[in-house]
Amino acid sequence: MLTVGIIIILIVGFLVLNLILPNSPWQVRLGLSFPVGMGLQTILMLLINMLGLRFTLGNTLAIGLLMLLILLFPLYRRRQEFVLRLRKAASQRIDFTGFNMVWLLFVILLVLFEGANLCKCMYFPTSDRDSLAGFETIGYIMAQEHTVRDLSIFRSDYMPEIHNAGSYIVYAPMVQLSYAFVYILGAETSKIVPGLMYLSFVLAFYGILKRTVGMTGAAIGTFFMMMTPEMIGFSSLSITNVIHAVSASMGIIHVAMWLRDRKQGDLLLATLLLGLNVWTRTDGVVFILAALTVVFADALRRRTAEAWKSLAVLTCSFLPALLWMAFSGLNNIYAENIIIDHPYWDGEKAMIIWDYMKLHLTNTTFYGWTFAFFLLSMLINGRNLLKHSDNLPLLTMFLVALALYMAVLYQIDYKWDSIQNVLAYSAKRFLFCFVPIAWFYGMTNQWVRTLLGRLETFLSGN
């Protein structure tokens with residue numbers, strides 16, 4: 001049943017992506033199929049539970065099949081176009097002209113290292129503290145009790161400390177429901193979820209980068225992004241951070257692609273991914289606000305009905321967070337408030353946050369060359385940035401999201417832990433979301449694109 005469920009998830013995600021952005025690289029559509037399919041599956045699981053139904057094996061498979069049938073209907077209406085596409089694809093020969101030894105080398109490295117990482121992920125059982133104390137355990141119990149409502153460990157008579165500050169009870173539910181989904185279908189471990197997420201992400205990142213810099217540059221950039229030390233290490237654990245980085249970073253990147261190419265599908269996909277970003281972690285709201293900042297600025301500049309409509313579309317990415325808030329309010333899912341809801345000034349606290357963020361962003365042990373390459377690429381591209389606003393929207397979203405995250409850290413009352421501990425561990429992992437954005441920005445600046453174009457020409461022998 002697990003294999004059947006995963007296949008349904010993949011098909012659902014692939015059909016959604018083909019409806020939204022049919023002309024995007026196949027690597028993007030195939031790579032994002034699992035994250036998108038699983039996100040939609042978990043939203044429907046919560047919705048049926050909200051209506052009083054339990055997500056048993058039958059109900060879980062039924063909602064997946066229902067999504068599949070609904071998505072097959074527009075495909076049926078466009079069946080002639082679909083058949084023509086298949087015939088065209090079958091009649092075309094594989095074009096080997098873009099292949100070269102550098103591309104092949106990095107593709108082989110990608111396959112070897114990600115293959116080894118996937119094997120490590122699937123072989124070792126869940127052992128990290130955060131997973132066992134929260135996400136893994138909650139997902140397993142959800143699968144046993146077939147519900148989120150009235151979950152036994154969410155009751156204070158069973159766990160008196162469940163409503164304390166910092167409790168896992170209020171975490172957005174996508175990861176926990178994903179684990180519940182695979183456990184319901186008979187999985188022995190939840191590790192298939194983070195394993196497939198990272199594998200899918202690597203493929204999707206290669207596809208979206210290839211759309212801008214070509215095959216060789218995409219292979220090089222994807223390899224260095226994938227090998228970010230701390231991120232690839234955590235990709236095999238059952239926690240939220242790397243899974244969150246998939247939707248947050250790809251959502252921001254697709255906003256930048258929409259602003260560049262003005263393809264409506266990019267905006268729709270960005271909205272969906274940023275919605276899944278807050279469905280995974282509530283603090284991902286900083287990425288929605290960063291995206292809205294640049295789209296709002298674009299709407300002010302263009303001053304057209306279409307521009308304001310685009311802003312409204314992107315605002316829909318808040319919907320999954322609102323669904324979780326409504327569900328939590330209706331079902332007594334809460335924890336002691338940790339947000340300071342009024343302005344104040346604490347210079348010492350601000351300096352602690354600033355010092356830790358500087359320490360993280362310059363730490364090559366955690367992030368490799370990521371942020372050094374980001375800064376170097378920005379400085380070398382300074383002339384194009386100032387004269388032609390090259391890659392300015394993506395840079396703006398990166399900086400705004402980072403500033404907003406620091407503001408969120410400042411507005412938290414650290415009742416359950418020390419601020420130093422939160423910054424040293426939680427904030428370090430949150431920065432995984434910025435790693436793919438940094439590599440995409442660095443690899444798609446004008447000077448890098450020019451350099452990679454010359455490399456492609458040289459390798460092709462033209």
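Let me begin by describing the structure that accompanies this report. What you see as residue numbers is a count from 1 along each chain, following the sequence as written. Local features in this predicted model are restricted to residues of pLDDT 70 or higher, and side-chain atom pairs are both shown and tallied only at a pLDDT of 80 or more, whereas totals for entire chains, interfaces and linings draw on every residue. The side-chain figures draw on all heavy atoms in the structure; neither hydrogens nor water molecules are used.

Thoughts on the overall build of the protein
No. 1: A count of helical and extended segments in the protein gives 23 helices and 0 strands.
No. 2: What you see for the protein is a C-alpha radius of gyration of 22 Å, in line with the 23 Å of a compact globule of 462 residues.
No. 3: Principal-axis analysis of the C-alpha atoms places the extent of the protein at approximately 75 × 60 × 50 Å.
No. 4: Long-range contacts, defined as pairs at least 24 residues apart, comprise 80% of the intrachain contacts of the protein with a sequence gap of at least 6.
No. 5: The protein chains shown are the only cover counted for residues, whose accessible areas, like all others here, come from Shrake-Rupley with a 1.4 Å probe. Carbon and sulfur atoms form 66% of the exposed surface of the protein, whose accessible area is close to 21000 Å².
No. 6: Treating the 33 positive side-chain charges of the protein as one cloud and the 26 negative ones as another, the clouds have centres 14 Å apart. Numbering of helices and strands runs from the N terminus; a helix is a DSSP stretch of H or I covering at least four residues, while a strand is a stretch of E covering at least two. Computation of the radius of gyration draws on C-alpha atoms alone. For the globule rule, the value is 2.2 Å times the number of residues to the power 0.38. Residue contacts are defined here by distance: any two heavy atoms, one from each residue, within 4.5 Å place the two residues in contact. For the charge count, each Lys or Arg is scored as positive and each Asp or Glu as negative, with His and the chain ends excluded. Where a charge sits is defined by one atom per residue type, namely NZ (Lys), CZ (Arg), CG (Asp) or CD (Glu).

Some details on the side chain of Gln176
No. 1: Tracing the backbone through its elements, the reader meets Gln176 in helix H8 (residues 174-184).
No. 2: Taking the relative accessible area as the measure of exposure, Gln176 reaches 2% and is therefore buried.
No. 3: Not counting residues up to four positions away in its chain, the partners in contact with Gln176 are Phe135, Ile138, Gly139, Met142, Tyr168 and Tyr171. Throughout this description, buried means an accessible area under 20% of the type-specific maximum (1.4 Å probe, protein chains only), exposed means over 50%, and partly exposed covers the range between.

Considerations on the packing of aromatic side chains
No. 1: Two aromatic rings, drawn from Phe, Tyr or Trp (for Trp, its six-membered ring), form a pair once their centres lie within 6.5 Å of each other, and the interplanar angle then sorts them: stacked below 30 degrees, edge-to-face above 60, tilted otherwise. Counted according to the given criterion, the structure contains 31 aromatic pairs.
No. 2: Grouped by ring-pair contacts, the aromatic residues Phe287, Phe366, Tyr367, Phe371, Phe374, Phe398, Tyr405, Phe430, Phe434 and Tyr441 constitute a single cluster.
No. 3: When the NZ atom of lysine or the CZ atom of arginine is within 6 Å of a ring's centre and also within 35 degrees of its normal, the charge is said to sit over that ring. In this arrangement the basic side chain of Arg262 is found over the ring face of Trp258, its NZ or CZ atom lying 4.8 Å from the centre.
No. 4: The lysine or arginine in question, Lys349, covers the ring of Tyr410, its NZ or CZ lying 5.5 Å from the ring centre.

Describing the environment of Arg303
No. 1: Mapping Arg303 onto the fold places it in the loop between helix H13 (285-302) and helix H14 (305-315).
No. 2: When the C-alpha atoms of Arg303 and Val278 are compared, they prove to be 29 Å apart, with 25 residues separating the residues in sequence.

Quick notes on helix H9 (residues 192-226)
No. 1: A helix is expected to reach a length of 1.5 Å times the quantity of its residues less one. Compared with an ideal rise of 1.5 Å per residue, which puts 35 residues at 51 Å, H9 spans 18 Å between its outermost C-alpha atoms and falls more than 12% short.
No. 2: The bend reported for a residue corresponds to the angle between axes fitted to the seven residues ending at that residue and the seven starting there. For H9, the principal kink sits at Val213 and spans about 130°.

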